[in-house]
Amino acid sequence: DVSSPKHGKVDPDNMPHVGGNTWAGGTGGRDTAGLGGKGGPYRLDAGHRIYQISQAEKDAVPEEVKRAAREMGEKAFKQRLKEIQMSEYDASTYERFSGAVRRQVQSLRIILDNLQ
């Protein structure tokens, strides 16, 4: 079961963590920032293989936990914008332009990686 969203502990060795309720950047777990899990406040990729839980498990998260996770994620987003000296308007403008060329940039990255 999920209880309350949190960032989670940071593993100094960046080991992969699957499932559980402890590590930031893990996959398939609960309550912590990571990927493929449920109830976490925001997505956090530590660069490991992603283990995805079922959509039914995600849908079963209580509404109050979803609300708390959204609020925590929004707060973290605003803090990050402040750190990089970007306004919410700047972020939405960046996303609009970035989204328009995202596929082309990804294709170019693949081509350049293959050339290296």
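Note that this is a predicted model, so its numbers are computed, not measured.

About the cut-offs
Residues numbered from 1 in each chain as written. Predicted model: local features only at pLDDT ≥ 70, side-chain atom pairs only at ≥ 80, totals over all residues. Heavy atoms only, no water. Helix = DSSP H or I, 4+ residues; strand = E, 2+ residues; numbered from the N terminus. Buried < 20%, exposed > 50% of the residue type's maximum accessible area, 1.4 Å probe, protein only. Areas by Shrake-Rupley, 256 points an atom, 1.4 Å probe, with all protein chains shown as cover. Lys, Arg positive; Asp, Glu negative; His and termini not counted. Charge placed at Lys NZ, Arg CZ, Asp CG, Glu CD. Salt bridge = Lys/Arg side-chain N within 4 Å of Asp/Glu carboxyl O. Domains from an automatic or database assignment. Contact = heavy atoms within 4.5 Å. Buried area = accessible area lost by both parts, 1.4 Å probe. Polar contact = N/O pair within 3.5 Å; in protein donor to acceptor, adjacent residues only side chain to side chain. Nonpolar A, V, L, I, M, F, W, Y, C, P; charged D, E, K, R; others polar.

S.K.: Report on the overall build of the protein chain, specifying residues and quantitative values.
M.R.: For the protein chain, the helix and strand inventory stands at 3 helices and 2 strands. When its helices and strands are written in sequence order, the protein chain yields β-β-α-α-α. For the protein chain, the C-alpha atoms occupy an extent of roughly 45 × 35 × 30 Å along the three principal directions. In the protein chain, buried positions account for 24% of the 116 residues. As displayed, the protein chain offers around 8,600 Å² of accessible surface, 52% of which is attributable to carbon and sulfur atoms. Across the protein chain, 18 positive and 16 negative side-chain charges occur, with their mean positions spaced 2 Å apart.

S.K.: Just give me the short version of the pattern of salt bridges, but keep the residues and values in it.
M.R.: One pass over the full model with this rule turns up 6 salt bridges. Two residues, Lys-78 and Glu-88, come together in a salt bridge whose shortest N-O distance is 3.9 Å. Within this pair, whereas Lys-78 is found in helix α2 (residues 63-83), its partner Glu-88 is found in helix α3 (residues 88-115), the two being separated by 10 residues in sequence. Its relative accessible area of 42% is what places Lys-78 among the partly exposed residues. Taking the shortest distance from any N to any O, the salt bridge between Arg-102 and Glu-95 comes out at 2.9 Å. Judged by relative accessible area, Arg-102 falls into the partly exposed class, the value being 43%. Through salt bridges that share partners, Glu-74, Lys-78 and Glu-88 make up one connected network.

S.K.: Requested: an account of unusual backbone geometry, with residues and values cited.
M.R.: Within the chain, Asp-31 stands out as a residue other than glycine whose phi angle is a positive 70°. Note on placement: Asp-31 falls in the loop between β1 (26-27) and β2 (34-35). On the basis of relative accessible area, Asp-31 is assigned to the buried category, the value being 0%. The phi dihedral of Gln-85 is positive, around 55°, even though this residue is not glycine. With respect to the helices, strands and loops of the structure, Gln-85 is situated in the loop between α2 and α3.

S.K.: Describe the domain arrangement of the protein chain, naming the residues involved and giving the relevant values.
M.R.: You'll often see interface size given as the accessible area lost when the parts meet. Looking at the assigned domains, one finds that the protein chain contains domain 1 (1-85) and domain 2 (86-115). A straight line from the C-alpha centre of domain 1 to that of domain 2 covers 24 Å. Listed by partner, the interface residues are 7 residues for domain 1 and 4 residues for domain 2. Buried area between domain 1 and domain 2, both sides added, is near 390 Å², and the carbon and sulfur share of it is 63%. Area buried by domain 1 at its contact with domain 2 is led by Lys-78, Leu-81 and Gln-85, which between them contribute 73% of it. In this structure, the connection of domain 1 to domain 2 is made through 1 salt bridge. Taken together, the links from domain 1 to domain 2 amount to 2 residue pairs in polar contact (both at pLDDT 80 or more). Its residues assigned to classes, the side of domain 1 that touches domain 2 shows 3 nonpolar, 1 polar and 3 charged.

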